[in-house]
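A look at the structure
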Amino acid sequence: MKRKYLVILAMLLVVPGLLLTASCAKKVAEKPAAAVAKAAEAAKAPAAPAPAMTAPVVDTSKADELAARERFQKQDVNFAFDSSVLDATAQAILKNKADWMKKNPTAAVTIEGHCDERGTVAYNLALGERRAESAKAFLVNLGVPAARMTTISFGKEKPLDPAKTEEAYAKNRRARFVLK
Amino acid sequence: MIENFRYSVKIISFKLACAFLFASLMSLWTTTSYGASRYDYIDINNPLLKKIPIAIPVFKVGNGSSSEEEVSQRGSRLLSDTLAFTSYFKILDRGSFLIDIQKTDVSSPQFSGWTTVGAELLVTGAVALNNSQIEMELRLFDAYNERQLVGKKYSGHVNDLRPMIRRFCNEIMGILTGSSGLFDSKIAFVSSGTGSKEIYTCDFDGHSPAQITNNKSINLTPAWSPDGKWIAYTTYAKGKPDLYIHNVSDNRIFVVDKKGTSISPGWVPGTFELAASLSFSGDPEIYLLTGTGKIINRLTDNTGIDVSPSFSPDGKKMAFVSRRGGSPQIYIQNMNSGAVERLTFQGNNNTQPDWSPKGDKIIYTGLEKGGNFNIFVIGVNGNGLIQLTRSQGDNESASWSPDASMIVFSSTREGTSRVYVMTAYGADQRKLLDLPGKQSEPKWSQGLTN
């Protein structure tokens, strides 16, 4: 019974570990190689129900990490028309991003500045850059090293939503975070 | 096309433009600017431009062979189309003509026969074709004052009929407006027909579109060098917005790929220098560059956006877009003193200035309260603001023709962005090109491109 418990614990650590990227690799490597081999062997046997105490705790933290990473990349910072000013919502999102950057000290990000289709090309290229730079400056002020962030402007060249509606325009005025 | 183009030109006679014609053209200018000074905001829905009626009979032929007839028909049609493009002429219907040009002396027309059908101007031509060689005489007359304004004799290969006709049309425009060169000019623009935004060029009238870039990234804001040999543009060819200075004939490229964005090139007339907005210092500022992409000096010093330089014809002043007043507006900087004055005060979003080659006006793109972008023209002293486009989608990226008689721009009036032209007063707006994809950011060359 003790051995089975160990195997299940190893599986719980290995399987999510495989799903995750480099940040979790270290944790997996720390487990004895023997345990990993046994886990692979045991995988063929019908899985016993996991002890209720351990499993959900480990699962949730991994899932949270994944979700946080996904949120970091998927949650854009939005702007008003012809503005690179960070409103309260934008600042709250950026605080979350700063926390994530601090928890993941090896992560490096490209901040893309985008505009809606209204307005002229060159001005929007400059405006997109101001948006990316103002997001970056905010993160620097919260203690994220500038060296981990680069900016690029796409002006109005890459709208998220091509519709000609206020809703689409609002989505398209954004700073987007892309992990390198 | 032009390499083999050798023809001789003999001046038959030349007289100064007649006072009547000149007065009628000048009155258009003065009427408009006088009206402009009375109101702050003038809409020229009905610009009341008087087109000059011109008769262009089919050219007289020599031996009358069928191939000579064909050249005569094609040449006279080309001449009509080329002059009609300017919108300054009303081409009279040949069916109304009383005089058979074949039976007359093209050098001394019966003027009364032409004024009777309403012609104020008359172009006569005579063409002879021998073994693919053309001998052609073309003359412009003032029919009312019964005098010849210009006459030229051209000889060359039949394949060069088009450039010969264009050359004579340039002569006509030179006499009537004081500026020639429109018909030698080209237009650069951005088209997404291949699936990515690439730079293209075409003739002044939309003929012969040609793809210049082929890097399958995003290419934006083309700008011709004053000699028409180079196009500067922003490209994402290397992943971020860099500035390329591209020789159109031999494809040499000078690259400005500093940190940040390198955008919105504008050339200094009469030089191989250009200004562009570079943000490597952390803030977009306008710098003066050599045509080979080396920084000469920094022109603006102001936190926030400074983009889109456009120079006065003498190079002494620069119009540009700045957000220093809280919204994007057009400013003018004195290149010697560095003094800056704000030009536009109407509206919250004014960008893309283009300084007239005549020096007196600037066209730009402004956001109307209703939510559409439109083309405006304003005197360099801030007076005479006129809205040139309205109620037809978004209209942007206006650029003057080299003689300042016409404006090319992009519009979404038919849904998809296309390139259009209009007169300097906003009249006769029509589509220039029908190509796959979207076309935008047209820029008219200022010098000879051939």
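Preceding this section is the structure that the text describes.
An account of the accompanying structure is given in this report. Computed from a predicted model, the values in this text were never measured in an experiment.

A few words now on the environment of S279(B). All names here are of chain B. You can see S279 is positioned in the loop between β17 (273-278) and β18 (285-290). Classification of S279 as buried rests on a count of 25 C-beta atoms within 10 Å. Between the C-alpha atom of S279 and that of Q148, which follows or precedes it by 131 residues, the distance is 57 Å.

Counting from both sides, the interface comprises 25 residues of chain B and, opposite them, 14 residues of chain A. Breaking the side of chain B that touches chain A down by element, the ones donating at least two residues are β12 (219-224), β16 (262-267), β20 (306-311), β24 (350-355) and β28 (395-400) of chain B. When its residues are assigned to classes, the side of chain B that touches chain A shows nine nonpolar, 13 polar and three charged.

On to the packing of helix α2 (residues 66-85) of chain B against helix α4 (residues 161-177) of chain B. Residue and element names in this part refer to chain B. Packing of α2 against α4 leaves a shortest axis separation of 10 Å and a crossing angle of 40°. Taken together, the axis directions place α2 and α4 in an arrangement best described as oblique. The handedness of the crossing between α2 and α4 is right-handed. Contact residues: α2 offers V71, R74, G75, L78, L79, T82 and L83, while α4 offers L161, R162, I165, R166, C169 and I172.

Further remarks concern the sheet that holds strand β31 (residues 430-431) of chain B. Strand pairing in a sheet is mediated by backbone hydrogen bonds. Such pairs are either parallel or antiparallel. If you trace the four strands from one edge of the open sheet to the other, you get β28-β29-β30-β31 (chain B), paired in antiparallel fashion. Whereas interior strands pair on both sides, the edge strands pair on one side only; in this sheet they are β28 and β31 of chain B.

Okay, the packing of helix α5 (residues 88-103) of chain A against helix α6 (residues 121-141) of chain A next. Residue and element names in this part refer to chain A. Interhelical geometry of α5 versus α6 gives an angle of 55° and a closest axis separation of 9 Å. Classified by the interaxial angle, the pair formed by α5 and α6 is oblique. Crossing of α5 against α6: the hand is right-handed. In this structure, α5 contributes Q91, L94, K97, A98 and M101 to the contact, and α6 contributes A135, F138 and L139. Residue classes in the contact of α5 with α6 are distributed as six nonpolar, one polar and one charged.

Analysis parameters
- Residues numbered from 1 in each chain as written.
- Chains lettered and ligands numbered in written order.
- Predicted model: local features only at pLDDT ≥ 70, side-chain atom pairs only at ≥ 80, totals over all residues.
- Helix = DSSP H or I, 4+ residues; strand = E, 2+ residues; numbered from the N terminus.
- Buried ≥ 20, exposed ≤ 12 C-beta atoms within 10 Å, placed from the backbone.
- Contact = placed C-beta atoms within 7 Å.
- Nonpolar A, V, L, I, M, F, W, Y, C, P; charged D, E, K, R; others polar.
- Axes fitted to C-alpha atoms, helices over the stretch in contact; angles between N-to-C directions.
- Parallel < 35°, antiparallel > 145°, perpendicular 65-115°, else oblique.
- Left-handed = near helix turned anticlockwise from the far one by under 90°.
- Pairing = 2+ DSSP bridges.

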